[in-house]
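# Fold and geometry: a report
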Amino acid sequence: MIRAVYKLLQVIGSETEPGQISLGFAFALIAGFTPLVSLHNLLLLFLILVLRVNLSAFFLGLAFFSGVAYLLDPVFHRVGLAVLTAGPLEGLWTTLYNSTLWRLEGFNNSIVMGSLIVSLLLFVPFYLVSNRLILKYREHFLAWVQKTKLVHVLNILRYGAGS
Amino acid sequence: MTGDRASSTPAAPPKSPQKPAGAGRWIRWPGVVAFAVVTVLLAAAWWLLVDGMIECAIERAGTQAVGAKVELAAADLTLLPLGLTLNGLQVTDPDEPMTNAVEVQRISFLMDGLNLLRRKVIVNEMTVDGVRFGTPRKTSGAIGKQEPGVIQMVAKTKFVLPSAQIPDVKEILAKEELRSLKLAETLRADIQAEQERWKQQLAELPNKAKFDEYRQRLDKLKSAGKGGLGGIVGGAGEATAIQKDISQDLEKITTAKKTFDSNLARIRERMDGATKAPEEDLRRLRDKYALSPQGLANMSSALIEGPLGDRIETALRWYAKLQPYLQSGGERKGNVEVVTPLRGRGVDVRFKEQAPLPDVLVRTAKVGMDLSAGLVSGTIRNITPDQPVLGAPTTFEFAGDKLTGLQSLKLSGEINRVDQASPHDAATLNVRGYRLLNLPLSTDDSLPVFVKEALTDLDLKAGLRGEALDANLAATLQSVQVTTGVKPDADAVAKAVASALSDIKSLHVKADITGTVTHYAVRLSSDLDQVLKQALGKQMQEQVGKFESKLRTAIAGKAAKPLADLRSSFGGLAGIGDDLAHRVQQAAGLTKGGGKDGGLGGLKLPF
């Protein structure tokens, strides 16, 4: 836990572009909320590795959002089932259902569909809010945080008394 | 990588890095290589672990389904061509954890790769080799406490050997209620009530005093008639009035007499019944306590029902275990079907497919069963839990010839869930020349019975429509050798039964099984009844004769007084009838006149 907090502070306090950190968190939101072994997560892995996304932010976010997903599964199920059984969308789902690629994605599972919709809807707002918060943090809190005893203790724990 | 550049500590001042310009600011070209490496590593890990994962999945799902350990020695997945081979499958018998219900040496099949990507396991041909039943296990396959089975035969006959001892009549009469006594008591009470009622009615009906009064009035009228014309005219009116009164009274008595006669006839019928009731009691108690033809029929049924019932229950228990896999758990929601997966979370929603196929389908499974008698091979077609999607039932056909201890065997049938609302299954089994060895018919201490050897022909036709079970079995046993464990000190009946069973050389058995899967009844008929009747005929006649004689005397003794009281009461009631008849006679005499009493007939009117 301490290690995770230290890592988080380290990541958002680093010189990395705030957008890259935010994108790492946003991608983690999708990968964490949706079932890990999914076709879209393979695509996500490709994007994470090819785009300059902060990997530490992604893995920290993945651990966090995977935990949250367990609590949100009932919500994902309800959203997914409502969307999959919505009359106006039946034609679209039927077309996708007859496509091998989409069947491999398992879109017709209520939790896959629900979690994917929720995470995609939250992706852009989360990216923007996260970006804004990192900038605010660096502008207003970073100097203060660096002087706190907590960070001092964390530094000692991480690098030893001589740091 | 960006992550590597985040090397500062929260305590360290931020540095000003040299940022890449243009597309390089967002694209990490080595990432493509990294993705390829990660993908290959993931695929390699999957390839290394997939066999173990399949093995675990089959063992876990099988164990949960059967309720006892299902083990697999090895699973081997091949990609080109896409196929799976399972070796050493053992399915524990939940009722006998040290025995495998089924053991399969090898299952191999090729899968349709494209459909597998669509999450449909389509197997065109499966080969199942080395199927064996009832093999011993080295370790127990129990996984915990098993729920007791709910499948049971309705009114299963218990084997009871009839006794040669004559039952104690005193003991029987002490615990049995004699219907004849109860009948006599009830009837006597009814007769007494009837008697009281009629006594009251007799008091209200015209009696001797009333008839005397009429006579006095008539005498007076006669003397008035001798007093001239005025007396004659006045006497005519009075005579008419007397005639009317007598006629009315006569009518009353006659009506009462008719009612009484009718009631008396009914009571007489009941009297006859009460008189015969001791004989009814005798028959009832004799049939209950003495060795009777019905008792022999029960005994022969019990001998056959035991082993037959065990096999029916085993078959139905396994059939019940298969049920969840014979039909999908789909539920319609609008135009789509919502299916809860057997494992995993959430629900899968099915949409209309251009070329509908079940999620799991084995088109043909060639099965080789390695029985102790030899190889029995067969084919199962269309194995799927989604028969409505496929539009065809699961069918099976097995046959074996020239086996050891079995001339031929043929099993065929179908499991039809095409219309989920009206499922129907059928099976036909024909066995010829099966050498039956050491089959226990009765393990009862009083008379253990075993079929040591018999050559059996068996025809079974079973059908299940919804919950309704209907099966017919016909078996012919020839060259029968029956052994019995009759004790030297056993009674005559036990010895006679044992001797009769030992002499049996052939046997025909017919059984009709009806009811439901959970509660079924077996109606048996066999020539064993006749064999036992012949064997026990003499013992039966002697025993029944002695018992009947004792019982008749005892019942007659008990019923004598109540019946005597009853007759006495009936005699009292009959006396009322005599009284009524006498009154009718008296009243009729008054109207007819004549005789010394004189009546209206003696009165001469002038007109």
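Predicted model, so just to flag it, every value in this text is computed and none were measured.

## A closer look at helix 2 (residues 30-66) of chain B
Compared with an ideal rise of 1.5 Å per residue, which puts 37 residues at 54 Å, helix 2 of chain B spans 52 Å between its outermost C-alpha atoms and is within 8% of the ideal. The sharpest bend along helix 2 of chain B reaches about 45 degrees and sits at Leu49(B).

## What about the confidence of the model for chain A?
The pLDDT averaged across chain A works out to 85; a share of 93% of its residues lies at or above 70. For chain A, helix 1 (residues 2-12) of chain A is the element with the lowest average pLDDT, namely 71, and helix 5 (residues 90-97) of chain A is the one with the highest, namely 91.

## Topic: the packing of helix 2 (residues 18-33) of chain A against helix 4 (residues 55-84) of chain A
Residues and elements named next belong to chain A. Between helix 2 and helix 4, whose axes approach to 7 Å, the crossing angle comes to 35 degrees. Helix-helix and strand crossings are classified by hand; for helix 2 and helix 4 the assignment is right-handed. Every residue of helix 4 that contacts helix 2 at Ile 21, Gly 24, Phe 25, Phe 27, Ala 28, Leu 29, Ala 31, Gly 32 and Phe 33 is listed here: Ala 57, Phe 58, Gly 61, Leu 62, Phe 65, Ser 66, Val 68, Ala 69, Leu 72 and Phe 76. Here the residues of the contact of helix 2 with helix 4 are counted per class, giving 15 nonpolar, four polar and no charged.

## Here we look at the pairing of strand 11 (residues 394-403) of chain B
Residue and element names in this part refer to chain B. Note that strand 10 (residues 374-383) and strand 11 share five bridges and pair antiparallel. Pairing of Thr 379 across the sheet is with Glu 397, part of strand 11. Where strand 11 lies against strand 12 (residues 406-416), nine bridges are found, and the strand directions are antiparallel. Residue pairing in the sheet places Thr 394 in a bridge with Ile 415 of strand 12. Linkage of strand 11 to strand 12, two consecutive antiparallel strands, is achieved through a turn of two residues, within which Gly 405 is found at a positive phi near 70 degrees.

## A word on the packing of aromatic side chains
Residues and elements named next belong to chain A. Summed over the entire model, instances satisfying the criterion amount to 13 aromatic pairs over all chains. Plain terms: the ring middles of Phe 27 and Phe 123 are 5.5 Å apart, the flat faces sit at 40 degrees to each other, and that makes the pair tilted. You can see Phe 27 sitting in helix 2 and its partner Phe 123 sitting in helix 7 (residues 110-147), a full 96 residues away along the chain. For the pair shown, Phe 27 and Phe 123 are each scored as buried. Relative to Phe 76, the ring of Phe 33 lies with its centre 5.3 Å away and its plane at 55 degrees, an arrangement referred to as tilted. Here Phe 76 lies in helix 4 and Phe 33 lies in helix 2, a separation of 43 residues in the sequence. As far as burial versus exposure is concerned, Phe 33 and Phe 76 are alike and both buried. Of the aromatic side chains, those joined through ring pairs into one cluster are Phe 33, Phe 64, Phe 65, Phe 76 and Phe 126. A cation over a ring is seen here: Arg 103 above Tyr 97, with NZ or CZ 3.9 Å from the ring centre.

How each quantity is defined
Residues numbered from 1 in each chain as written. Chains lettered and ligands numbered in written order. Predicted model: local features only at pLDDT ≥ 70, side-chain atom pairs only at ≥ 80, totals over all residues. Heavy atoms only, no water. Helix = DSSP H or I, 4+ residues; strand = E, 2+ residues; numbered from the N terminus. Expected span 1.5 Å × (residues − 1). Bend = angle between axes of the 7 residues up to and from the residue. pLDDT = per-residue confidence, 0-100. Axes fitted to C-alpha atoms, helices over the stretch in contact; angles between N-to-C directions. Left-handed = near helix turned anticlockwise from the far one by under 90°. Contact = heavy atoms within 4.5 Å. Nonpolar A, V, L, I, M, F, W, Y, C, P; charged D, E, K, R; others polar. Pairing = 2+ DSSP bridges. Phe/Tyr/Trp six-rings, centres within 6.5 Å; stacked < 30°, edge-to-face > 60°. Buried < 20%, exposed > 50% of the residue type's maximum accessible area, 1.4 Å probe, protein only. Lys NZ or Arg CZ within 6 Å of the ring centre and 35° of its normal.

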